Amino acid sequence: MRNDTCMLKEMMNAIQEEDREVSLMEVCGTHTMAIAKSGIRQLLPPNIRLISGPGCPVCVTAQGDIDTVIELVKQNIILATFGDMMRVPGTGSSLQEARSGGADIRVVYSPLDALNLAMNNPSRELVFLGIGFETTAPVVGASIEMAQKMNLKNFSVLSLHKVIPPALEAIFADPEIRVDALICPGHVAMITGLDPYQKVAERYHKPCVVTGFGYSDILQGILMILIQIRKDQPRAEIQYGQIVKERGNLVAQEVLNKVFQPVDARWRGLGEIPQSGLEINERYQEFNARIKFDVPVIDDVPIKGCSCGEILTGKMYPHECPLFGKLCTTLNPIGPCMVSNEGACAAYYRYHPKRTVS
Amino acid sequence: MCLGVPAKIIRVMDNNVAIVDVDDNELEISILLIPDVKIGQYVLVHAGFAMQVIDEESAQESMALIREMLKIRESGQYA
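Reading the values: the criteria
- Residues numbered from 1 in each chain as written.
- Chains lettered and ligands numbered in written order.
- Predicted model: local features only at pLDDT ≥ 70, side-chain atom pairs only at ≥ 80, totals over all residues.
- Heavy atoms only, no water.
- Pairing = 2+ DSSP bridges.
- Helix = DSSP H or I, 4+ residues; strand = E, 2+ residues; numbered from the N terminus.
- Phe/Tyr/Trp six-rings, centres within 6.5 Å; stacked < 30°, edge-to-face > 60°.
- Axes fitted to C-alpha atoms, helices over the stretch in contact; angles between N-to-C directions.
- Contact = heavy atoms within 4.5 Å.

**Details of the pairing of strand β11 (residues 271-280) of chain A**
Residue and element names in this part refer to chain A. In the sheet, strand β10 (residues 260-267) pairs with β11 via seven bridges, with the strands oriented antiparallel. Note on β11: the bridge partner recorded for R266 is E272. The turn linking β10 back onto β11 is made up of three residues, and G269 within it adopts a positive phi angle of 90°.

Printed below as a string of structure tokens:
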């Protein structure tokens, strides 16, 4: 599937012929950003709704977990984290503010950088903040395995990793959320393969199409969903065939299963979802920051006026949040959906700032 | 971060490490998750790890998309 203008027009025409009311959920935050940037939303007929989903790992990290991390950095550690997390507001502070206040927090591109930091600072404890779904967790898992091989004593990971399929089940099971099909995350499926999406599609009888991130990928993904709906043949299907193989990346899956185990986890907007989080296995417990340090469990304190929870579950559009564009902007974010590169509010603010999208 | 960066394998070293070319920059990455990769192949890189082999055409398309996003960022349209 290449960006051939004729092909794009044909697909757009076919999509515009749809007269059914359908709600499609863009599960992945990167899809939300790509869709917003592409202008596809404005070209769709009004009966086709695209709503945001919970596929932004920074956005779905529970407020209490953010506060936990801010508490953790008060201990004498070096915290290594992906950049997105720095500006996410906790209840009283943020990692960025904590850093200004003297906490030793380093932004890294890869957990390998965190391993290097640990090796270069042997007298300090290094904690890597593990945030991300099935695309990122194997990378962190591989780093934990490397730490074990190197017998690194001052390296550990605080895992806030989550997996997507239980969240999709929670969404389909919620009577307040109207979703007819899922645009499924391309790179998560690159790791997991199609199997988890097949299970969701079968159980809830809904189309789940694993889609890439280019304009033609997204249009083709939407078209594949509509065809499934028209034929009443809902199933999991791969649009992003160049990258996603049905079995996924078996080496990465093996790392995931070896280093992590599923646990119940709190999601912003969805509450606690069973078996949706990843905790480090006992075999690697010396690398588990939860065991190594005093890591308090903190209850969620909702941010007043912030609608991230509703936006992440497609119950609300960013524009419908009273803070959007006024008190909450990308320069002054109130909630994580405005901070994250994959946040729905950030996507809308950048690409649809003045429009009301129905 | 869902969007991987396309890279061309230019050297495969010991210990599951490879040197890749990303838009004319050389980077060291881990190939632990796709250990059978060969020189000249294109891979999708995420957080310092190669995640999947991709064909050259997909790599060029992805790179074009990323360059577009970088241009927007540099022009200050991102806050």
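After that view, the rundown keeps rolling.
**Brief notes about the packing of aromatic side chains**
Residue and element names in this part refer to chain A. One pass over the full model with this rule turns up six aromatic pairs over all chains. With centroids separated by 6.1 Å and ring planes inclined at 80°, the aromatic side chains of F324 and Y349 adopt a geometry described as edge-to-face. Here F324 is found in the loop between α15 (308-312) and α16 (336-339), whereas its partner Y349 is found in helix α17 (residues 344-351), with 25 residues between them in sequence.

**Remarks on the sheet that holds strand β3 (residues 77-81) of chain A**
Residue and element names in this part refer to chain A. Read from one edge to the other, the open sheet built from four strands follows the order β4-β3-β5-β6, with strand pairing classed as parallel. Of all strands in the sheet, those with a lone pairing partner are β4 (104-107) and β6 (155-159), marking the two edges. For this sheet the average axis-to-axis angle between neighbouring strands, irrespective of direction, equals 25°. Both β3 and strand β5 (residues 125-130) contribute to a ladder of four bridges, which runs parallel. By the bridge assignment, I78 is partnered in β5 with L126. Its contacts with the sheet place helix α7 (residues 111-120) against β3, β4, β5 and β6, and it is angled at close to 170° to β5.

**Thoughts on the sheet that holds strand β8 (residues 208-211) of chain A**
All names here are of chain A. The strand order across the open sheet formed by five strands is β2-β1-β7-β8-β9, and the pairing between neighbours is parallel. At either end of the open sheet lies a strand with only one pairing partner, and these are β2 (48-55) and β9 (236-238). On average, each strand axis in the sheet is tilted by 25° relative to the strand beside it, whichever way the strands run. As judged from the four bridges shared by strand β7 (residues 181-185) and β8, these two strands associate in the parallel manner. Looking at the pairing, I183 lines up with V209 of β8. Together, β7, β8 and β9 form the strand contacts of helix α11 (residues 195-204), whose direction differs from that of β8 by roughly 150°.

Structural measurements only, silent on function.
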